[in-house]
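Each chain, written out:
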Amino acid sequence: SVPFTPELRDKLNAIIKAGRLNIFDPRLLSYEIQTIPKNAFCHHIRVTYSDIDRNDHVNNSSFIRFCVNAAADEMRADRLSHLSGAMDQFCCTSMQMFYAKEATLGDHLLLYLWEDEFNPTKLHFQIHKLSKAIYESNMTYTPLITPKY
């Protein structure tokens, strides 16, 4: 990693002021958690030691892994309308995430997964702790094209 020196901070501020970099999206201020549809699948997750970071919170990448594992389970079980089979037959081409609250070691989480109403290759995920949404994301998958030799 590169140390965040005063010179680097000044260069970054100059880029932001010049309008060449937008690190703040005002839409995040008005983000609303989606309503979970009745046809959503539910997965139970227990936070383990390998899921947490050095601050004793679930690592951001663990939330993504929880979602990908749940999607893979539903694909293998052939319960999704347009995504079935092994996860390695698909490529995630788009991902959006929203972190609302933290989770810690031993927490019991509920992960809800459902297909987008208008694009069934787009999956929505919501993770709850104590009946409150703490994470939400969506991922769009595209089938991989295997070359024929």
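Residues numbered from 1 in each chain as written. Predicted model: local features only at pLDDT ≥ 70, side-chain atom pairs only at ≥ 80, totals over all residues. Heavy atoms only, no water.

**Here we look at the overall build of the protein**
Across its full length, the protein holds two helices and five strands. Start at the N end of the protein and walk to the C end: the helices and strands fall as α-β-α-β-β-β-β. Buried residues in the protein amount to 30% of all 149 residues. Sequence-distant contacts in the protein: of pairs separated by 6 or more residues, those separated by 24 or more amount to 62%. Accessible surface for the protein amounts to roughly 10300 Å². Of this, 54% is attributable to carbon and sulfur atoms. (Helix = DSSP H or I, 4+ residues; strand = E, 2+ residues; numbered from the N terminus. Buried < 20%, exposed > 50% of the residue type's maximum accessible area, 1.4 Å probe, protein only. Contact = heavy atoms within 4.5 Å. Areas by Shrake-Rupley, 256 points an atom, 1.4 Å probe, with all protein chains shown as cover.)

**Here we look at the sheet that holds strand S2 (residues 90-99)**
Strand order in the open sheet made by the five strands is S1-S3-S4-S5-S2, with antiparallel pairing throughout. Both edges of this open sheet fall to strand S1 (41-46) and S2, since each of them pairs with a single strand only. Adjacent strand axes in the sheet meet at a mean angle of 20° when their direction is disregarded. Direction of pairing for strand S4 (residues 122-129) relative to strand S5 (residues 132-143): antiparallel, over a ladder of eight bridges. Its bridge partner lying in S5, Leu123 is registered against Met139. The strands touched by helix H2 (residues 60-76) are S1, S2, strand S3 (108-115), S4 and S5; relative to S5, the strand with the most contacts, the crossing angle is about 55°. (Pairing = 2+ DSSP bridges. Axes fitted to C-alpha atoms, helices over the stretch in contact; angles between N-to-C directions.)

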